[in-house]
Amino acid sequence: DGGITQSPKYLFRKEGQNVTLSCEQNLNHDAMYWYRQDPGQGLRLIYYSQIVNDFQKGDIAEGYSVSREKKESFPLTVTSAQKNPTAFYLCASGGGGETQYFGPGTRLLVL
Amino acid sequence: QKEVEQNSGPLSVPEGAIASLNCTYSDRGSQSFFWYRQYSGKSPELIMFIYSNGDKEDGRFTAQLNKASQYVSLLIRDSQPSDSATYLCAVNLGMTTGTASKLTFGTGTRLQVTL
């Protein structure tokens, strides 16, 4: 099956802890994206990547980091510097056009 | 002024009626426009995209774009209870770099289709 997978579905973070969210796609898409969604708000872009070993900050990159070592994978780390990490995190990919397709999301909660 | 604006709703329509969802955007240079449907607790799924002025139809869905007035609409004909969801409008505000496109999302309109 072609698609985008995200894991875990739910993630709990303790104070001062870094956590990593996984995003994998087998659609052979070059571009990948990370968004954050808070209740009542639109999706906000955290980071995006056009190609392996390249990524750019989005609108709310502070407190987050990413890597793109493989075309299929674009993990997001939520660092302890992100003071309000509770949100629904969405990974998307795009195949060269402007259309983006979303994975199922990871819900991050703070203990 | 927000870059992409939608009425949060809820928009309530009876089953079988036409639902009309609207979105306005601020940048006249915007080139491409997308509608996503998001069920509660789920991720957005693409319904339609439109690039040119006028209408684009796909089954029960019609996207309408008016660049002069800077709005894009989504019409849902013969609305069904399964259409009840939040509809997100997304606009590429002319910020495409290489293979990536930076979309700006509205906050979404919640649609309720009543029996």
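Now for a description of the structure that goes with this document. Predicted model, so just to flag it, every value in this text is computed and none were measured.

Looking only at helices and strands, chain B features 0 helices and 11 strands. For chain B, the α and β elements follow one another from N to C terminus as β-β-β-β-β-β-β-β-β-β-β. The globule rule puts the C-alpha radius of gyration for 115 residues at 13 Å, and the 14 Å found for chain B is close to it. Its C-alpha atoms give chain B principal-axis dimensions of about 45 × 30 × 25 Å. The buried share of chain B, taken over its 115 residues, is 45%.

What follows covers the overall build of chain A. Of the regular secondary structure elements, chain A holds 0 helices and 11 strands. Mapped in sequence order, the helices and strands of chain A form the string β-β-β-β-β-β-β-β-β-β-β. The C-alpha atoms of chain A give a radius of gyration of 13 Å, which matches the 13 Å a tight globule of 111 residues would have. Judged by the C-alpha coordinates and their principal axes, chain A covers about 35 × 25 × 25 Å.

With that settled, consider the interface of chain A and chain B. Taken together, the contacts link 25 residues of chain A with 24 residues of chain B. Buried surface at the junction of chain A and chain B, summed over both partners, amounts to about 1900 Å²; 51% is from carbon and sulfur atoms. When the buried area of chain A at its contact with chain B is split by residue, Gln50, Glu98 and Phe102 of chain A rank highest and sum to 30% of it. One can count 0 salt bridges joining chain A with chain B. For the pair chain A and chain B, the interface holds 8 residue pairs in polar contact (both at pLDDT 80 or more). Those elements that place two or more of their residues in the side of chain A that touches chain B are β4 (31-37), β5 (43-51), β9 (87-94) and β10 (101-102) of chain A. Residue classes in the side of chain A that touches chain B are distributed as 11 nonpolar, 10 polar and 4 charged.

Residues and elements named next belong to chain A. Enumeration according to the criterion identifies 6 salt bridges over all chains in this entry. With its nearest N and O atoms 3.4 Å apart, the salt bridge here joins aspartate 30 to lysine 71. Note that aspartate 30 is positioned in the loop between β3 (19-25) and β4 and lysine 71 in the loop between β7 (64-66) and β8 (76-78), a separation of 41 residues in sequence. When its relative accessible area of 23% is taken as the criterion, lysine 71 is described as partly exposed.

A few words now on the state of the cysteines. Taken as a whole, this structure holds 2 disulfides over all chains when the rule is applied. Between the sulfur of cysteine 23 of chain A and that of cysteine 91 of chain A lies a disulfide, 1.9 Å long from S to S. Its S-S torsion of approximately -70° makes the covalent link between cysteine 23 of chain A and cysteine 91 of chain A left-handed. Of this pair, cysteine 23 of chain A sits in strand β3 while cysteine 91 of chain A sits in strand β9, placing them 68 residues apart in sequence. In this pair, the class of cysteine 23 of chain A matches that of cysteine 91 of chain A, namely buried. Each sulfur in the disulfide pair cysteine 23 of chain B and cysteine 89 of chain B lies 2.1 Å from the other. Its S-S torsion of about -70° marks the bond between cysteine 23 of chain B and cysteine 89 of chain B as left-handed, since a negative value means left-handed. With cysteine 23 of chain B in strand β3 (residues 19-25) and cysteine 89 of chain B in strand β9 (residues 85-97), this residue pair connects regions lying 66 residues apart in the sequence.

Analysis parameters
Residues numbered from 1 in each chain as written. Chains lettered and ligands numbered in written order. Predicted model: local features only at pLDDT ≥ 70, side-chain atom pairs only at ≥ 80, totals over all residues. Heavy atoms only, no water. Helix = DSSP H or I, 4+ residues; strand = E, 2+ residues; numbered from the N terminus. Rg over C-alpha atoms; globule rule 2.2 N^0.38 Å. Buried < 20%, exposed > 50% of the residue type's maximum accessible area, 1.4 Å probe, protein only. Contact = heavy atoms within 4.5 Å. Buried area = accessible area lost by both parts, 1.4 Å probe. Salt bridge = Lys/Arg side-chain N within 4 Å of Asp/Glu carboxyl O. Polar contact = N/O pair within 3.5 Å; in protein donor to acceptor, adjacent residues only side chain to side chain. Nonpolar A, V, L, I, M, F, W, Y, C, P; charged D, E, K, R; others polar. Disulfide = S-S within 2.5 Å.

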